[in-house]
Structures are given as structure tokens and as C-alpha cells.
Amino acid sequence: RHPTALYLIEGKPHPSGWDAAEYYQKLVELARGLGLLTPMPTGFSESNLTASGGNGLRTTALTAPSVVFNSQFTPTRELITKLRSAHVYVNPYTDRSQSVSGTVAMAMSTGAAIVSTPYPFAVEMLSDGAVSS
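Sequence order as written defines residue numbering, which begins from 1 separately in each chain. Selection of residues for local features in this predicted model requires a pLDDT of at least 70, selection of side-chain atom pairs for listing and counting requires 80 or more, and totals for whole chains, interfaces and linings are taken over all residues. The side-chain quantities take in all heavy atoms of the structure and omit both hydrogens and water.

1. Some remarks on the nonpolar core
In this structure, Leu79, Leu83, Tyr89, Tyr93, Val104, Ala107, Tyr119, Phe121 and Ala122 together form the largest nonpolar core, which totals nine residues. With near-sequence residues (within four places) excluded, Tyr119 lies in contact with Asn91, Tyr93, Asp95, Arg96, Gln98, Val100, Ser101 and Val104. For this analysis, a nonpolar core means a set of buried residues of the types Ala, Val, Leu, Ile, Met, Phe, Trp, Tyr and Cys, connected via side-chain atoms within 4.5 Å. Partly exposed residues are those whose accessible area sits between 20% and 50% of the maximum for their type, while under 20% is buried and over 50% is exposed, using a 1.4 Å probe and protein chains only. One finds Tyr24, Ala31, Val67 and Phe69 within the second-largest nonpolar core, a separate group that totals six residues. Note on contacts: a residue pair qualifies if any of its non-hydrogen atoms lie within 4.5 Å across the two residues.

See below:
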């Protein structure tokens, strides 16, 4: 249905008592096994992004849904640009005691749709009374 959809996994998972590196590698292998893994495009950076207007990441070169992993640190300016170009921001935390998320706060400022696991900050900031756990 969305032949040029791009699912960008930005950064590495935070370690929280489990093997984050092993989990990250399992995600890479899952995407590869499903035929969705796409290498980070050469020169992929802020210049490949559209700032707003609902156009999202420029994915005209993609011919199939793709998953791209970027395990490098992303400077704040570039992260905000990526969040501004996203149609949906997904914020999965395995630890429900997570107190706050800077990226959720940044994503909220961009107007992107946000999907999150229910930890206190997300429930308070994103809820309109329709929260499921």
C-alpha cells in the first residue's frame, strides 16, 4: 500500500538491565529476514529531509518498504529535522518506570503523530483519556 515507506530506527536502544546490543542485532536480522533491510543511503543526512508539509523523508529512490538502521549519534538539530519530516514517531520503552523522554517532547513540538508504550510521561502528555495498557 505504501511502496516507499521508510521506517528509520534512529540510534541504539538504551541499556536497562537487558542486552540492548543483542536486541538491536535481532531487530536488524528480523528486517533482513523479511527482506526490508536497506543500507543507510550514501549521503543520507539533513539534506535528504524535507522539513514539513507532510512530505516526509525523500524516499523517491525506494521501490519497496524499507527499514534503515542508523546506530550513530544524531545531533539535536538533525534529530529535530528528522522528527519534523516524520509522519509517525514511535517511542517504545520496555521500562514502564521511564520518567521522561526528550524525543517525545521534541516530536510533540513537530505535530507528528506519536505512538508510545504507556509510561507515566507518555500517558500524561499524549493521553486524551483513551489509554490502553
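2. Structural notes on the confidence of the model for the protein chain
Of the residues in the protein chain, 72% have a pLDDT of 70 or more, and the chain-wide mean is 76. Values of pLDDT, ranging from 0 to 100, describe the predictor's confidence in every residue of the model. Secondary structure counts use DSSP, requiring at least four H or I residues in a row for a helix and at least two E residues in a row for a strand, with both numbered from the N terminus. The lowest-confidence element of the protein chain is strand β1 (residues 6–10), averaging 86 in pLDDT; the highest-confidence one is strand β4 (residues 113–116), averaging 91. Low confidence marks residues 50–56, where pLDDT is under 50. Its contacts with residues over four positions away, or in another chain, come to 12 contacts.

3. Some points on the environment of Arg1
Looking at the element boundaries, Arg1 is found in the segment before β1. On the basis of relative accessible area, Arg1 is assigned to the exposed category, the value being 93%. Sequence-wise, Arg1 and Pro65 are 64 residues apart; in three dimensions their C-alpha atoms are separated by 9.3 Å.

4. Description of the pattern of salt bridges
When a carboxyl oxygen of Asp or Glu lies within 4 Å of a side-chain nitrogen of Lys or Arg, that pair is called a salt bridge. Applying the stated criterion to the full structure yields four salt bridges. Across the salt bridge formed by Arg32 and Glu29, the nearest N and O atoms sit 2.6 Å from each other. Of this pair, Arg32 and Glu29 both sit in helix α1 (residues 20–33), separated by three residues, roughly a single helical turn. Salt-bridge contacts for Lys82 lead to Glu78; the nearest nitrogen and oxygen are separated by 3.1 Å. Of the two residues, Lys82 and Glu78 are both situated in helix α2 (residues 76–85); the distance of four residues between them amounts to about one turn of the helix. A residue is classified by how much of its surface remains accessible, and Lys82, at 7% relative accessible area, is buried. Residues joined by salt bridges that share partners form a network here, namely Glu10, Glu78 and Lys82.

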